[in-house]
Every structure is written in C-alpha cells, then in structure tokens.
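# A look at the structure
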Amino acid sequence: MGMLAAQMLAAQSASSKSNGQGAERIKSYAPATGELLGEAPVMGPEEVRAAVARARRGQQAWGALSVAERCRRVLRFRDAIVDRQDELIDLLSRETGKPLIEALMHEVTPSATVATYFAKHGPEILAPREVPLDLLKHRKAVLHYPPRGVVGCITPWNYPFYMPFRDIFLALIAGNAVVLKPSEVTPLIALRAKAIWDESGMPVDLLQVVTGYGATGAALIDAGVDFVIFTGGVSTGRRVAAACGERLIPCVMELGGKAPLIVCRDADVELAARGAVFGGFTNAGQVCIGVERVYAHKDVVESLTRRMTELTKALRVGDPAKGDVDVGAIIFPKQIDIAEAHIQDAVSKGAKILAGGARIPGVGQFFAPTLLGGCDHSMTVMTEEIFGPVVPIMEVDSDEEAVRFANQSHLGLNAYVFTKDRTYGEHLAQRIEAGSVLVNDVVTNGGMPEVPFGGIKQSGFGRVLGHESLRDMCNVRHVNVERFSMGSDNPLWFPYSAKALTIARKATTLFFGGGGLLKKLSNLL
Ligand code: NAD
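Basis of the calculations
- Residues numbered from 1 in each chain as written.
- Predicted model: local features only at pLDDT ≥ 70, side-chain atom pairs only at ≥ 80, totals over all residues.
- Heavy atoms only, no water.
- Domains from an automatic or database assignment.
- Salt bridge = Lys/Arg side-chain N within 4 Å of Asp/Glu carboxyl O.
- Helix = DSSP H or I, 4+ residues; strand = E, 2+ residues; numbered from the N terminus.
- Buried < 20%, exposed > 50% of the residue type's maximum accessible area, 1.4 Å probe, protein only.
- Near = heavy atom within 4 Å.
- Polar contact = N/O pair within 3.5 Å; in protein donor to acceptor, adjacent residues only side chain to side chain.
- Areas by Shrake-Rupley, 256 points an atom, 1.4 Å probe, with all protein chains shown as cover.
- Arc of directions from axis to C-beta.
- Contact = heavy atoms within 4.5 Å.
- Phe/Tyr/Trp six-rings, centres within 6.5 Å; stacked < 30°, edge-to-face > 60°.
- Pairing = 2+ DSSP bridges.
- Right-handed = clockwise from strand over helix to strand, strands pointing away.

Domain parsing of the chain yields domain 1 (48-255 + 468-472), domain 2 (259-449) and domain 3 (492-525). The C-alpha-based centres of domain 2 and domain 3 are spaced at 60 Å.

And the structure:
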C-alpha cells in the first residue's frame, strides 16, 4: 500500500475513534492531493432516530400536496443545483478526484435530467389507475399510489451526488421524505447538497442527511424507515437486505457489476475499441456498469487489442485541478490494492500487460489505466468485480462462446454488444443475463430516466428509474367499489347452503369448462 493510501486509511480509522472532544468525526481527504477537505460527524443511533423523526414530520405536509405541486417544488431544487453547478462540480471533483466534466455530465446533469423527466411525467405515472376486472364486472377496481413515508437511501462513494439524487427525486415526487446516508468516503458533497436544499427554501425536515460509517447506515434501517434503497457492494448488500428482511422493510438492492463487452465478428472495431476504453476507464473504472471484461471474436481480437492499447496509452491521468485529464484519482484507497491483486493474479496465469499495470508514484491516489491481453476465466480479473481502471481482454472462437462466458458470472447488471448488424445485436442481447444490455454503446443507460435500471443475480433486485420505480416508491392502495348493487342476499356469504354450492359448481363450469361460454359472454359486458 502506498504512503498516501496508508495515511488515508489510518486517518479514516483514527477518525472512527473519539477526537478527544467527545464527538466522532469523519475526515474527508482529496484523493488527488491528500489534502484534508473537511470533516463530517459520525452519527449514532439517537441522532439517526431524531433525523428519521424530523423527516416523518416533514413528510406529513409534503405527502398531502398534489403530485403536480410536489413536482413544481422539486423543480425549484433542480434549478438551485443547476444554478450552483460550478460550486457542486468543484467540490465533487476535489472530493472524488474526478475530472470536472465527469462531475458535471455524470453527476449534476443526470440528476437534473431525472428531476425534469419525473416532474414532467410524475402526475401521469402516479395518477389513480382503473384496472378492468375480468369476472366481477359489477365492481370497479382503482389503484392509488400513496407515499410509503420515509425512504432511507444508503449510497456509495463513486457517484456521491448522482447516486443519491437519482433516487431522492423519485422518492420526493412520490410524496416521501428521505433520510440519506452517504458514503463515509465522500460525505462532504452530501452535506453541501443539503445546505443548498435548505437555502433554496425546500422544507428543511423533508430531506435529512446522516453521516457516518456502516453502523450509521445500520442505525438508519433500525430507525423505522418505510423503504430502503441501497446502492453499494454485494457483501454489504447482503447485510442490508438481511436487516431489512428482519424488519420486513421493502428494499431495492443496487449492487455490484461485472459488465461484459462482446465484440462480435462483424463489429466496427474502432467503435468497439473506443467504447471499451471509455466504458472501462471513465470515473477511473469505479463504475458499477463499467466495462469489466471484453470478449473479442478471434477474427477481430488483434485489431481491437492494438487499437485499445493505443487509446489506453493516450489517456491523460492526473489531478483534474492541474489541467485537462481523462482519468482522475482512485477515490477509495482500498481499490488500488484490489486492482493490484487482480493484475498479479492474471499475470501469474499468463495474461500480458498491454498498458499501465501499476499505481502512479507521487502525490495522490492514481492508477495507470491498465489493459490486459490473453485473459481467461481462471483469472479473477474476468470473474470478480474490479471497480478500478483495469480492463481484461479474452479471445473467443465465436459470438456464441462470448455469450456463454458473459453469462458465467454471479453478477448481472449491465452488458454490451458491438456488432454492425443491429437486429443480430438485439437478438444476442436477449440471451445475455443482465438487467440492461446496450448494443453499440456503453454506460449511457445509467442516466436514462425513462427505463428501469438494476441488476439480476447478485447484482441485486428491484429497479431504480423507469415508471415502475416511481410507483414502487409508493404503497399501492387498491380501492374497490360496486358499480351496481347485487343486493344483500349474496348466495356466497353466510349461511352456506347446498343451493349455494350448486350455484358455485354451475358457475365454475360455465366460466371455465367447455371453453368458458359464460366468460366469453361476460367479456361482452
Ligand atoms: P459499500 O457497500 O462498502 O458501502 C455502501 C454504503 O453502505 C456506504 O454508505 C456504507 O457506509 C453503507 N454501509 C456499510 N455497511 C452497512 C450496514 N451494515 N448497514 C447499512 N449500511 C451500511 O459500497 P462502496 O464501496 O461505497 O461502493 C462500491 C460498490 O457499490 C461497488 O460494488 C459497486 O459496484 C456498487 N455500486 C452499485 C451501483 C448500482 O447502481 N448497482 C452504483 C454504484 C456503485
């Protein structure tokens, strides 16, 4: 472990102890420089419970507003974050070490996109819906979408603004209050967002931020929230899902990814190479839907590898404050050790380092964008999440084989297919086990509010974004009313009788036997 990494980890663990004044603090360091940027409190169960109670109070008035009014007010906050984008991206870039353009385009802009989209469509998505009843035509069934109450949102450090706000905007439009527990690695941006929230005239109680380590997240689940959206690693996800399960709190799990990128025999190699390099190294590879493994058809593997090597070597890595860079810092020091371990394992089993391969010495947490050739599934780099700037390439004999390998994973968040034949691409996509499959593109769906986002297998369950996820932030209430009265002598109510049984038998036969004659008739009603 490098000096800076060791210092940062030591500082982080030291900060989990008392600072001598009785209050625990988290110290947030700039990964690009090691500079101390600020501190945040480590909140205990009492403070978390108080935050949830405040949120619950704030939700009363908010939940009583019409959806359209909530949307109007959410747009006010969107305007505030757009107005203050420079301040936000400056802090984001310093707290994560990512280039300003990534802080803007992958954090602030998509948050504004989500707010805008759902503010426009929220009233229609959450409008009561009548569901025609198949048999009981005399009754009317209407679904209503009242808010769940207080949503607990637990988030990671890789997109410390977008990950929370992707979910917060939907929760609010659905009428909930939110208590956000940001990652301990990047607490300052969440606190700044909360300050902007308060300053922009939004209801102060409605959005609460509780900072701290995992224990603070656990306390949030224990504090009686009504819904949990967790975004983070698989092992933490298991603990969070178990805690929710014990308390029967519904939850959404957005966990890790190991996105395969398949380069078909007929692919546009230049497009695939650029896509793989962007998808693998944007945000320094710390992306749950980042390109984590490339399967290249044997006919294109050579040209693809050559081009990817050129493109990777041309990437500019460094402190975004010091000029134009493509790849910023490694946000969480542990990721450097993980990347090194993957590379060591791969090289010991025959992989070749085509570019990068090691941390960059000097100030800051930087790792050279690393391309590995000659990889196979005996190597952890092809099978375990890396979450860093390392892209392994494996040659396959056929597109079929690529699909087989793509599906040999315990994770299934995103996947990518590159082919010139769009119909073939769509066909191949149908067979890949993942929550989203993009043809001739990478990572863009992370910011598409219209469509559901989420994983299968150990990448989690439930979805964020998409119309259903907005409804999922609500308790569905089914209200059922008679269209016309059947009278008070319902033969299926008490007292049971032989006559009732005979009627029931006849009705069952009429409806479902012999082609369901009566059912067909009832459909005409
Ligand atoms: P992490 O699981 O270590 O932490 C996530 C959050 O959970 C943090 O806020 C942490 O403090 C909190 N936490 C830890 N223990 C807890 C507990 N017992 N109860 C409640 N909360 C607890 O994840 P990370 O290292 O911050 O983020 C990286 C991981 O997140 C990667 O695996 C990545 O793939 C995943 N991720 C997934 C998505 C997605 O949308 N699917 C998006 C971004 C990141």
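Glancing now at the pattern of salt bridges. Summed over all chains, the structure comprises 32 salt bridges. The salt bridge involving Arg94 is made with Asp90; its shortest N-O contact spans 3.4 Å. Taken together, the residues span about one helical turn, with Arg94 and Asp90 both in helix α4 (residues 85-96) at a distance of 4 residues. When its relative accessible area of 34% is taken as the criterion, Arg94 is described as partly exposed. The partner of Arg359 in a salt bridge is Glu340, with the nearest N and O atoms 3.0 Å apart. Within this pair, whereas Arg359 is found in the loop between β12 (352-355) and β13 (370-373), its partner Glu340 is found in helix α12 (residues 334-348), the two being separated by 19 residues in sequence.

This brings us to the site of the ligand. In the vicinity of the ligand there are 31 residues, among which Lys181, Glu184, Thr236, Leu255 and Glu385 approach most closely. The separation between an oxygen atom of the ligand and a polar main-chain atom of Gly233 is 2.8 Å. Protein chains shield 89% of the accessible area of the ligand, which is 850 Å² for the free molecule. Elements supplying a minimum of two residues to the shell around the ligand: α6 (162-173), α8 (214-222), β8 (227-231) and α9 (234-247). Two domains each donate at least three residues to the shell around the ligand, and these are domain 1 (48-255 + 468-472) and domain 2 (259-449).

What follows is about helix α15 (residues 422-429). For α15, the complete set of buried residues consists of Gly425, Leu428 and Ala429. Seen along its axis, α15 keeps its buried residues to an arc of 100°; they face one direction. Across from the buried face of α15, at angles greater than 90 degrees, the exposed residues are Thr423 and Glu426. Contact partners of the buried residues in α15: α14 (399-407), β16 (414-418) and β17 (436-439). N-capping of α15 is provided by Asp421, with a side-chain oxygen placed 3.1 Å from the backbone N of Thr423.

Before going further, it helps to spend a moment on the side chain of Thr186. One can find Thr186 in the loop between β6 (177-181) and α7 (187-199). According to the relative accessible area criterion, Thr186 is buried, its value standing at 1%. Leave out the neighbours within four places in its chain, and Thr186 touches Glu95, Thr96, Pro156, Trp157, Pro160 and Ile331.

A few words on the packing of aromatic side chains. The full count for this structure, using the stated rule, is 11 aromatic pairs. Pairing Phe77 with Trp197 gives two aromatic rings, centres 5.1 Å apart and planes at 65°, and the pair type is edge-to-face. Pair noted here: Phe77 is in helix α3 (residues 67-83) and Trp197 is in helix α7, with a separation of 120 residues, a long-range link. The exposure class of Phe77 is buried, given its relative accessible area of 0%. Judged by relative accessible area, Trp197 falls into the buried class, the value being 0%.

Okay, the pairing of β16 next. Across the 5 residues of β16, 5 count as buried, placing the element largely inside the fold. Across the two faces of β16 the burial is the same, with Asn414, Tyr416 and Phe418 and Ala415 and Val417 all buried. Relative to β16, strand β10 (residues 259-263) runs parallel, the two sharing 3 bridges. Counted as the bridge partner of Val263 is Phe418 from β16. Where β16 lies against β17, 4 bridges are found, and the strand directions are parallel. Paired with Asn414 across the bridge in β17 is Ser436. In this fold, β16 hands off to α15, which returns the chain to β17; that crossover is right-handed.

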